[in-house]
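In case you want the letters, here they are:
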Amino acid sequence: LADVGANAKATYLVFYNNPDAPKPAYATDLAVAKGKGLGRSVENGFYRIALHETSGVMHEIVEKSTGLKLEHKLETNGAIHWNPDVYAPPHAWYHSSDWTDPEAREVEGPVFYSLNLKGRLPQPEGVDIGIRYHFYAGSPVVMVESVTTIGKDMFVMALRNAEVVFNKAVFTKAAFKRDGKTEILDFATSKRHPDHAAVLRPDTPWVGFFDEAKGVGFASLY
């Protein structure tokens, strides 16, 4: 596990093309338990994340320092990670969390666990999507990569990515960075759906949800 302090330097050597090299067997805090279908429980010292058994996407998060569960379980299949998705009327709105049989490939070791999901949305025709998760030992960060490939011209009302949905009972405020300044949005006084609480530019570097009294937060960094 590489660890370099701020403004510091280090040299690491990577050796390859040795078919007889032993597999890494050192202990870390990363553990993966397999459940039904694509269901997995992935945890380290910071979190325990459940992946949905049918779609393989992030279903819920337990934040270990507070013991709080970050979940949704109200719409689609109840997962917290919905995207990529496409809304192209007259077709229904379809999300990656609605997947039933994506192709899945895993890489598991002491440093990281990776799940690569890909497939075609059942509607509209000709939309291929993919999601790759990387869960790391000793880090609260989950790396998420995704791709959407549109195979034919179509009219869309929405084509979205990076949407994470939580039960409103967990967080009381949001924060985001705009024009070099951090702005705070208090849900108690903000606009409510169907009005937009805030309109963010595509170059917004991060968005976070938090509750100061509970000591819990979640952020998406782009």
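The structure we're discussing is the one just above.
Calculation criteria
- Residues numbered from 1 in each chain as written.
- Predicted model: local features only at pLDDT ≥ 70, side-chain atom pairs only at ≥ 80, totals over all residues.
- Heavy atoms only, no water.
- Pairing = 2+ DSSP bridges.
- Helix = DSSP H or I, 4+ residues; strand = E, 2+ residues; numbered from the N terminus.
- Contact = heavy atoms within 4.5 Å.
- Axes fitted to C-alpha atoms, helices over the stretch in contact; angles between N-to-C directions.
- Salt bridge = Lys/Arg side-chain N within 4 Å of Asp/Glu carboxyl O.
- Core = buried A, V, L, I, M, F, W, Y, C linked by side-chain atoms within 4.5 Å.
- Buried < 20%, exposed > 50% of the residue type's maximum accessible area, 1.4 Å probe, protein only.

Peer 1: Give me the lowdown on the sheet that holds strand β12 (residues 158–160), citing residues and values where you can.
Peer 2: Strand order in the open sheet formed by three strands is β7-β6-β12, with antiparallel pairing between adjacent strands. Both outer strands of the open sheet, β7 (94–95) and β12, are each paired with one neighbouring strand and no more. When strand β6 (residues 85–87) meets β12, the two strands line up antiparallel, connected through three bridges. Residue D85 lies in a different strand from β12, and its bridge partner there is R160.

Peer 1: I'd like a rundown of the environment of V207, residues and numbers included.
Peer 2: Residue placement: V207 occurs in strand β15 (residues 206–211). Separated by twelve residues in sequence, V207 and A219 have C-alpha atoms that sit 5.6 Å apart. Every residue in contact with V207, bar those within four places of it in the chain, is listed here: A175, F176, L200, F218, A219, S220 and Y222.

Peer 1: I'd love a proper account of the sheet that holds strand β16 (residues 216–221), names of residues and values included.
Peer 2: Reading across the sheet, the four strands line up as β14-β13-β15-β16 and stay open at both edges, with antiparallel pairing between neighbours. Because the sheet does not close on itself, it has two edges, and the strands there are β14 (181–186) and β16. Strand-to-strand twist across the sheet, computed as the mean angle between neighbouring axes with direction ignored, equals 20°. Summarising the sheet, strand β13 (residues 173–178) and β14 pair through six bridges and their orientation is antiparallel.

Peer 1: Before we move on, can you summarise the pattern of salt bridges with the specific residues and values?
Peer 2: Taken as a whole and assessed by the stated rule, the structure comprises 15 salt bridges. If you follow the salt bridges from partner to partner, you end up with E60, K69, E71 and K73 in one network.

Peer 1: Tell me about the pairing of β13, and please be specific about residues and values.
Peer 2: The loop that links β13 with its antiparallel partner β14 comprises two residues; one of these, D179, has a positive phi angle of about 55°. Summarising the sheet, β13 and β15 pair through four bridges and their orientation is antiparallel. Considered in β15, the bridge of A175 is made with G208.

Peer 1: I'd love a proper account of the nonpolar core, names of residues and values included.
Peer 2: Grouped together as the largest cluster of nonpolar side chains are 31 residues, with contacts concentrated most on L51, L70 and F135. Where this core is concerned, the elements lending two or more residues are β3 (47–51), β4 (58–63), β9 (112–120), β10 (127–136) and β16. Tallying contributions element by element places β10 first for this core, with five residues. In contact with L51, not counting residues within four places along its chain, are L38, G39, R40, V42, G56, V57, M58, H59, Y113, L115 and F135.

Bear in mind that shape data such as this cannot, by itself, settle questions of function.
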